[in-house]
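Understanding the architecture of this molecule
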Amino acid sequence: MSSMSPITGVIEETDVIVDFGLYEGQSVSHVKNSDPDLYQQLVQEKENDNIAIRRNKDKTFRLYMNPLLARAN
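Here the residue index of a chain counts from 1 through its sequence in written order. In keeping with the predicted nature of the model, local features appear solely for residues at pLDDT of at least 70, side-chain atom pairs appear and are counted solely at 80 or more, and the whole-chain, interface and lining totals rest on all residues. Calculated side-chain values reflect all of the structure's heavy atoms, with hydrogen atoms and water omitted.

**A short note on the overall build of the chain**
Secondary structure counts use DSSP, requiring at least four H or I residues in a row for a helix and at least two E residues in a row for a strand, with both numbered from the N terminus. Helix and strand counts for the chain stand at three helices and three strands. Its helices and strands taken in sequence order, the chain reads β-α-α-β-β-α from the N to the C terminus. Any two residues having at least one pair of non-hydrogen atoms within 4.5 Å are treated as being in contact. For the chain, contacts bridging at least 24 residues in sequence account for 36% of all contacts bridging at least 6. Method for areas: the Shrake-Rupley scheme with a 1.4 Å probe, in which residue coverage is limited to the protein chains shown. Carbon and sulfur atoms make up 48% of the accessible area of the chain, which totals about 5,100 Å².

Below is the structure:
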């Protein structure tokens, strides 16, 4: 069993799709490998409850940012 992700918890980072910003449509794992600074920022946002994971009707997991914060960035 792999360790828990600071962003996705027990869900594999490859199974969670970013639903905002430059990496929209990419997995959290892809962001971790491509842009470690952004990944660390996402960890901070998760700790501040500014992002959340939702399961869509098509059974995919999506990482969402608070819409008010998304407009400010």
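**As for the packing of aromatic side chains**
For this analysis, a ring pair means two rings from Phe, Tyr or Trp (six-membered ring only for Trp) whose centres lie within 6.5 Å, classed as stacked if their planes differ by under 30 degrees, edge-to-face if by over 60, and tilted for the remaining angles. One pass over the structure, following the stated rule, counts zero aromatic pairs. Remark: a charge is flagged as sitting over a ring if the NZ atom of Lys or the CZ atom of Arg is within 6 Å of the ring centre and within 35 degrees of the ring normal. Across the ring face of Y64, the terminal group of R54 is positioned such that the distance to the ring centre comes to 4.6 Å.

**As for the nonpolar core**
Nine residue types can take part in a nonpolar core, namely buried Ala, Val, Leu, Ile, Met, Phe, Trp, Tyr and Cys, and a core is a set of them joined through side-chain atoms within 4.5 Å. For every residue, the accessible area (1.4 Å probe, protein chains only) is compared with the maximum for its type, and the residue is labelled buried under 20%, exposed over 50%, or partly exposed between those bounds. Counting 13 residues, the largest nonpolar core has I7, F20, V28, L42, I51 and L63 as its most contacted members. Mapped onto this core, the elements with two or more residues apiece are β1 (16-18), α1 (28-34), α2 (36-47) and β3 (61-65). Per-element tally for this core: the top contributor is α2, with three residues. If near-sequence neighbours (up to four positions away) are discounted, L63 is found in contact with I7, V16, I17, V18, D19, F20, V28, L42, I51, A52 and I53.

**With respect to the pairing of β3**
Direction of pairing for β1 relative to β3: parallel, over a ladder of three bridges. Paired with I17 across the bridge in β3 is R62. Across five bridges, strand β2 (residues 51-55) lies against β3 in antiparallel orientation. Opposite R54, over in β3, you have R62 as the bridge partner. Two strands are said to pair when DSSP picks up at least two bridges between them. In this antiparallel pair of consecutive strands, β2 and β3, the connection spans five residues, and K59 shows a positive phi of 75°.

No statement about biological role is implied by the geometric values presented.
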